[in-house]
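Architecture and fold: a report
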Number of protein chains: 2
Amino acid sequence: MASIKEVADIAGVAVGTVSRVINNHPSVKQETREKVLAAIKEINYVPNEVARNFKMQKSMMIALLLPTIRHPFFSELAYYIEDELDRHDYKLILCNSKGKPEKEIYYFDILNQNKVAGIVAITYNDIEHSVVKDIPLVSIDRHFKDEISCVTSDNYNGGRIALQELHKAGVRHPAYLGYIATSIRGEVDLRKVGFMDAAKELGLPQADYEIPDLDEDLLNPHLDQILTAAQYKEVDGVFVNGDMLAARYIKRAREHGIHVPEDVKVVGYDGIQKDDLFYPFLSTIVQPVEEMARTAVRLLIQKVDGVELHKDLYRLPVTFRKGGTT
Amino acid sequence: MASIKEVADIAGVAVGTVSRVINNHPSVKQETREKVLAAIKEINYVPNEVARNFKMQKSMMIALLLPTIRHPFFSELAYYIEDELDRHDYKLILCNSKGKPEKEIYYFDILNQNKVAGIVAITYNDIEHSVVKDIPLVSIDRHFKDEISCVTSDNYNGGRIALQELHKAGVRHPAYLGYIATSIRGEVDLRKVGFMDAAKELGLPQADYEIPDLDEDLLNPHLDQILTAAQYKEVDGVFVNGDMLAARYIKRAREHGIHVPEDVKVVGYDGIQKDDLFYPFLSTIVQPVEEMARTAVRLLIQKVDGVELHKDLYRLPVTFRKGGTT
């Protein structure tokens, strides 16, 4: 009786490769496919149903790609993604991928091999070319070129609200502070656009400070440059694009004798502080993290179940939470 | 040619069940096994090698069971566990399991089915009966009855150091504050034992406050009871078993007009604040989270590779970090 092992031996490939040829998986090279088909013909092999059954077995794993689980925004997102997946009997694979596009590309590759059913990704790595349409992928914040669903918060309006709240708090010389804008950060940078538009509408000057995305101590010289600049003396309110950066800014400002909120008001973005256990309790734009997480998962499950993919942009509303910095 | 499908039909079971019988998996009921073996004999079925190959394929997944990824200690642990696993080509499944023992039991069950290669668990659920020896499991903090390796920090000495540092800061009426001790929390409660021993050795009184592990607002009445107790007036220093609880205590104390460090010194435990971005910057006992994570993973991989299991207790040293609360 001809066996799949014999086919593999004759073709000079692994048993798994023979199985993939039988099941028409796209990942097999044409040259390899021809070798296998020739071997099958040669010994008149009849594929066994078991092989097909195992391959067809649906994976119940979803991979979550995010920069780092250590950031409170991402750990909260991961928490609700895992919870929503669990309600649908899916399991979550966690991948920290900041600066490691090869890790993300691995997961896109194994989508084809049915080792994961789908992917939720929040990524700022340059992986455009790995993302093809019709894959079960939902992106958070990032707009991929192909028709991939994206879940994000209402970043443009978040920026507008930040300006309005600073203005309400008496600010007349507002400034924006955030990491350098790139096309990859598109959604996140809409916050600045909203902020600047709202400032223009109120006839306010708009100071704009962009700094590189660096770790802690490497960031300080850049903050110092801003805090000591002549132009900065007029600034009485800052919208900082991200709560962690806002806290870092406030701390560095204090070292320059600048006090928040007495000298300068601050509004952050994210809402990572759940309560006022720690000071400063940031006034901030709160992202609806739980809703983003559960929406992303429900969308992904629909795609895994075969609902047609099209580029949907799901914008979820943000809210302002007043803390001690305005 | 007899096929596995025919065997399944005759026995009245699924193809997967037939395969498990062929591969001698322990999860099949005796009654079912007999039905399948009878069907195999009846049609003279010869098992196909492919079925065996698929089952024998080694899983490269490790499951991490922790109460919640939202707590900074656990998210930092998860980060380093994922990173160390990645270095060894393993992938990480994340499971939030606080109060949900059924989720953890699921993962113990699937260990047998080769869907995960091993488990790292930090759990305070009552799952003793599900943990059998000789499974590829490494526990963090929790001592299971059977011979399971455990990685933990030097909790007893951590408690001693906490007392010594409070004493150095001038404290003469120290108190312990933590969640109610249970056998499940054994390692964590060693901190109190160390604290009390050190206090006795210095001839100091030892006030002892234990409260239930509740969420935020439900905790406040218990903190209020402590803060207003007659005995508490003498207390000039508190070792709080956990940084989050320490912050909550400090906040509630402030509402009672008690200021830290002016009126009462505080030492926490964990080291969840990575820098002094937020106040109060706790004086605390820092757990070597990265080392705990990487040690746990390396131990687990050894077990997965067949190194004999025995109860090893790996205690990693802690350090005191002075902040603004002593």
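Residues numbered from 1 in each chain as written. Chains lettered and ligands numbered in written order. Predicted model: local features only at pLDDT ≥ 70, side-chain atom pairs only at ≥ 80, totals over all residues. Heavy atoms only, no water.

Assigned secondary structure in chain A consists of 11 helices and 12 strands. At 25 Å, chain A has a C-alpha radius of gyration far larger than the 20 Å of a compact globule built from 326 residues. In terms of its C-alpha atoms, chain A occupies a principal-axis envelope of roughly 85 × 35 × 35 Å. Buried positions account for 58% of the 326 residues belonging to chain A. Just so you have it, chain A exposes about 13,800 Å², and 50% of that area is on carbon and sulfur atoms. (Helix = DSSP H or I, 4+ residues; strand = E, 2+ residues; numbered from the N terminus. Rg over C-alpha atoms; globule rule 2.2 N^0.38 Å. Buried < 20%, exposed > 50% of the residue type's maximum accessible area, 1.4 Å probe, protein only. Areas by Shrake-Rupley, 256 points an atom, 1.4 Å probe, with all protein chains shown as cover.)

Strand pairing in a sheet takes place through backbone hydrogen bonds and is either antiparallel or parallel in direction. Residues and elements named next belong to chain A. The sheet built from 6 strands is open, its strands ordered E7-E6-E8-E9-E10-E12 with mixed pairing. A single partner strand is all that each edge strand has here, and the edge strands are strand E7 (207–211) and strand E12 (319–321). Neighbouring strand axes in the sheet, compared pairwise and without regard to direction, differ in orientation by 20° on average. Pairing of strand E8 (residues 237–240) with strand E9 (residues 265–270), which is carried by 3 bridges, proceeds in the parallel orientation. Counterpart to glycine 237 in the pairing with E9 is lysine 265. Helix-sheet contacts for helix H9 (residues 216–228) involve strand E6 (174–179) and E7, and the interaxial angle to E7 is about 165°. (Pairing = 2+ DSSP bridges. Axes fitted to C-alpha atoms, helices over the stretch in contact; angles between N-to-C directions. Contact = heavy atoms within 4.5 Å.)

The subject of this paragraph is the pattern of salt bridges. Following the criterion strictly, the structure yields 47 salt bridges over all chains and no others. With a shortest N-O distance of 2.6 Å, aspartate 208 of chain A and lysine 192 of chain A are connected by a salt bridge. Pair noted here: aspartate 208 of chain A is in strand E7 and lysine 192 of chain A is in helix H8 (residues 186–201), with a separation of 16 residues, a long-range link. A relative accessible area of 36% means that aspartate 208 of chain A is categorised as partly exposed. Across the pair aspartate 275 of chain A and arginine 248 of chain B runs a salt bridge, and its minimum N-O distance is 3.2 Å. (Salt bridge = Lys/Arg side-chain N within 4 Å of Asp/Glu carboxyl O.)

What follows covers the interface of chain B and chain A. Contacts between chain B and chain A engage 48 residues on the former and 48 residues on the latter. In total, about 4,600 Å² of surface goes out of reach between chain B and chain A, with carbon and sulfur atoms giving 62% of it. For the pair chain B and chain A, the number of links is 12 salt bridges. Notably, a salt bridge pairs lysine 100 of chain A with aspartate 83 of chain B, separated by 3.5 Å at the nearest N-O pair. Summed over the shared surface of chain B and chain A, the result is 15 residue pairs in polar contact (both at pLDDT 80 or more). Going through the elements one at a time, helix H1 (4–11), helix H2 (15–22), helix H4 (49–56), helix H5 (72–87), strand E2 (91–96), helix H6 (101–111) and helix H10 (243–255) of chain B are the ones with two or more residues in the side of chain B that touches chain A. Element by element, the count of residues in the side of chain B that touches chain A is highest for H5 of chain B, at 8 residues. Grouping the constituent residues of the side of chain B that touches chain A by class yields 23 nonpolar, 7 polar and 18 charged. In terms of strand pairing, strand E2 (residues 91–96) of chain A meets E2 of chain B through 3 bridges, oriented antiparallel. Within E2 of chain B, the residue paired with isoleucine 93 of chain A across the bridge is isoleucine 93 of chain B. (Buried area = accessible area lost by both parts, 1.4 Å probe. Polar contact = N/O pair within 3.5 Å; in protein donor to acceptor, adjacent residues only side chain to side chain. Nonpolar A, V, L, I, M, F, W, Y, C, P; charged D, E, K, R; others polar.)

A separate point is the packing of aromatic side chains. Under the definition given, this model contains 16 aromatic pairs over all chains. Centroid distance phenylalanine 73 of chain A to phenylalanine 74 of chain A: 5.5 Å. Interplanar angle 75°. Geometry classified as edge-to-face. Residue phenylalanine 74 of chain A is classed as buried on the basis of its relative accessible area, which comes to 9%. For the pair tyrosine 79 of chain A and tyrosine 80 of chain A, a centre-to-centre distance of 5.2 Å together with 85° between the ring planes defines the contact as edge-to-face. Of the aromatic side chains, those joined through ring pairs into one cluster are Tyr176, Phe195, Phe239 and Tyr269 of chain A. When the ring centre of tyrosine 79 of chain B is taken as reference, the NZ or CZ atom of arginine 70 of chain A above it lies at 5.8 Å. One cation-aromatic arrangement involves lysine 91 of chain B over tyrosine 106 of chain A; the distance from NZ or CZ to the ring centre is 4.3 Å. (Phe/Tyr/Trp six-rings, centres within 6.5 Å; stacked < 30°, edge-to-face > 60°. Lys NZ or Arg CZ within 6 Å of the ring centre and 35° of its normal.)

With 93% of its residues at a pLDDT of at least 70, chain A reaches an overall mean of 89. Counting contacts from residues 49–55 of chain A, a segment whose pLDDT is below 50, to residues more than four positions away or on other chains yields 22 contacts. (pLDDT = per-residue confidence, 0-100.)

The next point concerns the domain arrangement of chain A. Residue and element names in this part refer to chain A. Per the domain assignment, the segments making up chain A are domain 1 (4–47), domain 2 (56–153 + 289–317) and domain 3 (155–287). One C-alpha centre belongs to domain 2, the other to domain 3, and the line joining them spans 29 Å. The interface is formed by 18 residues belonging to domain 2 together with 14 residues belonging to domain 3. Between domain 2 and domain 3, roughly 1,200 Å² of surface is buried when both sides are summed, and carbon and sulfur atoms account for 51% of that area. Considering only the surface of domain 2 that becomes buried against domain 3, Phe73, Tyr124 and Ser153 emerge as the three largest contributors, covering 34% of it. Remark: the boundary between domain 2 and domain 3 carries 2 salt bridges. (Domains from an automatic or database assignment.)

All right, on to the environment of isoleucine 69 of chain B then. For isoleucine 69 of chain B, the location among the structural elements is in the loop between strand E1 (61–66) and H5. Remark: the alpha-carbon pair of isoleucine 69 of chain B and serine 97 of chain B, spanning 28 residues in sequence, is separated by 9.5 Å. Not counting residues within four places of it along the chain, the set of residues in contact with isoleucine 69 of chain B comprises Ile69, Ser75, Ala78 and Tyr79 of chain A together with Phe74, Ser75, Ala78, Leu94 and Asn96 of chain B.

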